[in-house]
Amino acid sequence: MAVTKGLQEIKLAIVAAISFAVILMAVPLIGAGVEAEAAGLDEVESRLIIAWENGRQGLETLLDTIEQGPRFDDLLVRVPSIIEKLMEGRWSAPYIQSVELPGEIEIEEAIQKLSSLPGVLYVEPDTRVSVDSSCKNTYYTNQWYLPQIGADRAWEVEVGRDDVVVAVVDTGVDASHPDLAGRILSGYDFVDGDGSACDHNGHGTHVAGIIAASGEDGTGVTGLAWRIRILPVKVLDDGGRGYYSDVIEGIRYAADNGAGVINLSLGGGADSRALQEAVDYALSRGVAVAAAAGNDGLDSLSYPAACKGVIAVGATDSDDRPASFSNRGEGLDLMAPGVSIYSDYPGGSYAYMSGTSMAAPQVAGAMALLYSHYPGLSSGEAGKKLCSSALDLGQQGYDSCSGWGLLRVDKALGLEDEEREDELGDVEWYFAEGYTGPGFDTYILLENPAPEASSARLELFGREGPITSLNVEVAGKSRMTFHLNDMIAPGDVAAHVRLGEGSRVQAQRSIYFDYDGLRGGHTSRGCPASSEWYFAEGYTGPGFDTYLLVFNPGEEMARLEISWMEPGGVHEDVLDLPPLTRLTLKVDDRLPDREMAMAVTSDRPVVAERAMYFDSGGRQGGSVAAGSSEISGEWYFAEGYTGGEFDEWILLANPSGDEIQADIVFQHGDGMIVEREMALSPYSRATLHVDEVTGLDDAEVSATVVATEPGVVAERAMYFRYSGSMGEVEGGHVAGGSSQPDSCWLVPEGYTGGGFESWILVSNLEDRAVTVRVDIYGESGSCASGEYQVAPHSRFTIKENELLSGEGVSAELRAEDGARLVVEGAFYFNYRGGIDGGST
């Protein structure tokens, strides 16, 4: 039979060709209202979802199947509607068909036989979904929940734009309700197959009112986004029940008809490939999908909330506690109020309803406000803003009982609690470098060595300005980790950590990377902003890529002057850096095949870091170091090793116009002292290969640099191949020196689980032995301590894995008698079995 035959002839041939009978199963599932009752499994109906191949290829295989009719005599496919759509080619693959016919064969047999048909991709039960929320009409307008989620403050900056559309995939919407009139688009009814998405149940209208009831007319209730428009998509019948097949059609329809957000206040208990494919289709078109977590009080989410990529929303009560009926489990993203929620109801009336059905539209409305306030914001970025700004309700960070916490739309829009603003002081840490794109994992680590908790605010910035912020409490004697990839969309990121007055919290950033096939990791400390930054290291020769990263945390344009100090002289560049943005400058493009030191000066405080990725001497990896905000007459390094396959270098830069003399004093692990002298011309840099210094071969060494006025900038580079508990790893790291010793040191980063070795290096500058106490703080709340004797003028090594194993750790080291120490942390790793290296 040819594809070009007339449609009517094809239909007649189909009807005459085969017979088809199946029993189709519908597993009844709970809707979003808490008072809905589960239908029993005895409510079995004859429905299956059949996923067909797309387009004319699918038509040809289907027609070939029909011609083989006798092979399927016990199956009757009602396919005229499929043929029409195949001929027109008007759906996205795969085409989903719901078939319902009574018959006598078993459900598994039907699925098996249908799945064997050419042109069929897969077959699965068409699962029932339902909603049956109990309600009572009332005219009270007690919307207690709006201040709980910060809606009243959010309206100070955004109330929604009419070009933002939210699809309510539900029981339909009463378009004549006074709170919604004029903003309800023409939708579609997939239950009856027509363009009238009227609501004779009430659930969909209630949901639409939570999202978009006008707050400007002085009457009725108030939704989150007053001016946006609603696309009604009816997939549940007047009794509030329906099938996956109609939900799937509704999701695709909403994605194809201008929706930026889809709200699914419905749920079912069965996984479905077809449902996940519909969600994937919406996500591929940039549409955000929010769904109710379900009302069974279970430790697993209902579907589609459990589908990958969906923002799953649970319900809280008026005390911000998870509601007893709200489902929980892995994949839960946010919580929102869901008990006694007052909203619109058909016929111009109002009603209270409870359930995760009422929580999900608050997230959908918040998403609409974000789209209105940040035009061009992606669904992924919007979702991360909501999650990262949520109010933590359970254990610190994410947990499966409350997700990322309670929705706070005001904070998602960049507004902060006035009380919290008053709590935060002037202690600040900045990071210019960070990347969350493919191949990179970026973490921020906070260590609080104090016994009391400390308030902290983490702010993230991209190339175009602020991305998101998060307020947290860092518990006393603990360490907290933030995986930035889980908080923001892929791309460049700079970070700001703001702390309460008197806080002792320290901040560090670690990145694990696969950079064009070069794999490794690096870590760097947080720094205050400064108008001057200096770097002793820099190289753009074969096998090296060097970057300068500068972040402007201020509200005004910063004028940057960059001096490149190389053997042939000094070159300068002048750049403007917009407020709250970061600059990425590839030095190789400016000065190829050179070695240089760098100085960055600015008319406003900024933050500068240098990143280097290398494939040289048989070693591959990368390093990042914050610049020094000063030149100094003294620099100290605790780490250093020249044994095995380690190469150590000391790099000095003289950014002044004076001749400088520098003395470098090395301390052996056994207390032996070795000294070297170096002369530096004005605006120059000098390099010392420590392995070649007589007496320093195969040695653990710390170093002190003492320079004549006005001083120098000092860094230490190490390239290595190291064999440890994680196997052989290779790479390199660069670290700036410390400009003064101290009796107390904090090391925020450390991990003692599988594939990692974390070390603490201690240099004792005193003429006497010193007792050093080490306290280790784990992410789990565990603590461990140790005391060590460090000989005079020697360097000592402590392995953190031996003190507290199996978790992320921070360290505090203290010489109780005030002795002068220099401390560093060193980390060697095989990250996730494929990225290895080391950092300090």
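Relevant structure appears above.
Described below are features of the structure shown in this document. (Residues numbered from 1 in each chain as written. Predicted model: local features only at pLDDT ≥ 70, side-chain atom pairs only at ≥ 80, totals over all residues. Heavy atoms only, no water.)

1. Let's talk about the overall build of the chain
Thinking step 1. Broken down by element type, the chain carries 14 helices and 45 strands.
Thinking step 2. Considering the chain as a whole, with its 840 residues, one finds that 61% of them fall into the buried category.
Thinking step 3. Carbon and sulfur atoms make up 46% of the accessible area of the chain, which totals about 30,600 Å². (Helix = DSSP H or I, 4+ residues; strand = E, 2+ residues; numbered from the N terminus. Buried < 20%, exposed > 50% of the residue type's maximum accessible area, 1.4 Å probe, protein only. Areas by Shrake-Rupley, 256 points an atom, 1.4 Å probe, with all protein chains shown as cover.)

2. A short note on the sheet that holds strand β19 (residues 478-483)
Thinking step 1. If you trace the 4 strands from one edge of the open sheet to the other, you get β19-β16-β21-β22, paired in antiparallel fashion. The open sheet terminates on both sides in strands that have one partner only, identified here as β19 and β22 (518-525). Mean inter-strand twist for the sheet, computed between neighbouring axes without regard to direction, equals 15°.
Thinking step 2. By the bridge criterion, 8 bridges tie strand β21 (residues 506-515) to β22 in an arrangement that is antiparallel. Note on β22: the bridge partner recorded for isoleucine 511 is histidine 522. (Pairing = 2+ DSSP bridges. Axes fitted to C-alpha atoms, helices over the stretch in contact; angles between N-to-C directions.)

3. Some points on the packing of helix α8 (residues 244-256) against helix α9 (residues 273-284)
Pairs of packed helices are described in terms of their axes, by the angle between the two and the distance that separates them.
Thinking step 1. Where α8 contacts α9, the axes come no closer than 9 Å and their chain directions differ by 10°. Comparing the axis directions of α8 and α9 gives the class roughly parallel. On α9, the residues touching Tyr244, Val247, Ile248, Ile251, Arg252, Ala255 and Asp256 of α8 are Ala274, Leu275, Glu277, Ala278, Val279, Tyr281 and Ala282. (Parallel < 35°, antiparallel > 145°, perpendicular 65-115°, else oblique. Contact = heavy atoms within 4.5 Å.)

4. Re the sheet that holds strand β38 (residues 744-747)
Consider a sheet: its strands pair through backbone hydrogen bonds, and that pairing is either parallel or antiparallel.
Thinking step 1. An order of β38-β43-β40-β41 is seen for the 4 strands of this open sheet, with the pairing classed as antiparallel. What marks the edges here is a single partner per strand, and that holds for β38 and β41 (783-790). Strand-to-strand twist in this sheet, taken as the mean axis angle between neighbours without regard to direction, amounts to 15°.

5. Overview of the packing of aromatic side chains
Thinking step 1. Under the criterion given, the structure shown has 34 aromatic pairs.
Thinking step 2. Their ring planes at 5° and their centres at 4.1 Å tell us that tyrosine 512 and tyrosine 831 sit as a pair that is stacked. Of this pair, tyrosine 512 sits in strand β21 while tyrosine 831 sits in strand β44 (residues 821-831), and the two are 319 residues apart along the sequence.
Thinking step 3. With relative accessibility at 9%, the residue tyrosine 512 sits in the buried group.
Thinking step 4. By relative accessible area, tyrosine 831 is classed as buried at 8%. (Phe/Tyr/Trp six-rings, centres within 6.5 Å; stacked < 30°, edge-to-face > 60°.)

6. Examining the pairing of strand β43 (residues 809-815)
Thinking step 1. Most of β43 sits out of view: 6 of its 7 residues are buried.
Thinking step 2. Bridge analysis of β38 against β43 gives 4 bridges, and the strand direction is antiparallel. Bridging across to β43, cysteine 744 finds its partner in arginine 814.
Thinking step 3. In terms of strand pairing, strand β40 (residues 770-778) meets β43 through 7 bridges, oriented antiparallel. The residue of β43 that forms the bridge with aspartate 775 is glutamate 812.

7. Quick look at the pattern of salt bridges
Thinking step 1. Evaluated as defined, the whole model comprises 38 salt bridges.
Thinking step 2. As a salt-bridge pair, aspartate 492 and arginine 582 come within 3.3 Å of each other at their nearest N and O atoms. On the criterion of sequence distance, the pair formed by aspartate 492 in the loop between β19 and β20 (494-500) and arginine 582 in strand β27 (residues 581-586) is long-range, its members being 90 residues apart.
Thinking step 3. The class of aspartate 492 is buried, set by a relative accessible area of 13%.
Thinking step 4. According to the relative accessible area criterion, arginine 582 is buried, its value standing at 7%. (Salt bridge = Lys/Arg side-chain N within 4 Å of Asp/Glu carboxyl O.)

8. Focus: helix α10 (residues 356-373)
Thinking step 1. Its 18 residues give α10 an end-to-end C-alpha distance of 26 Å, which sits within 8% of 26 Å, the value for a rise of 1.5 Å per residue.
Thinking step 2. Buried residues dominate α10, accounting for 17 of its 18 residues. (Expected span 1.5 Å × (residues − 1).)

9. Observations regarding the nonpolar core
Thinking step 1. Core analysis: the largest hydrophobic core is formed by 59 residues, its most contacted members being Val166, Ile211, Ile228, Ile230, Val363, Met367 and Leu386.
Thinking step 2. Ranked by residue count, the leading element in this core is α10, at 11 residues. (Core = buried A, V, L, I, M, F, W, Y, C linked by side-chain atoms within 4.5 Å.)

10. Comments concerning the environment of arginine 676
Thinking step 1. Mapped onto the secondary structure, arginine 676 falls in strand β33 (residues 673-680).
Thinking step 2. Looking at arginine 676, the relative accessible area reads 35%, which means it is partly exposed.
Thinking step 3. Distance from arginine 676 to leucine 688, taken between C-alpha atoms, is 9.4 Å for residues 12 residues apart in sequence.
Thinking step 4. When near neighbours in sequence (up to four residues on either side) are disregarded, arginine 676 contacts Ala662, Asp663, Ile664, Leu688 and Val693.

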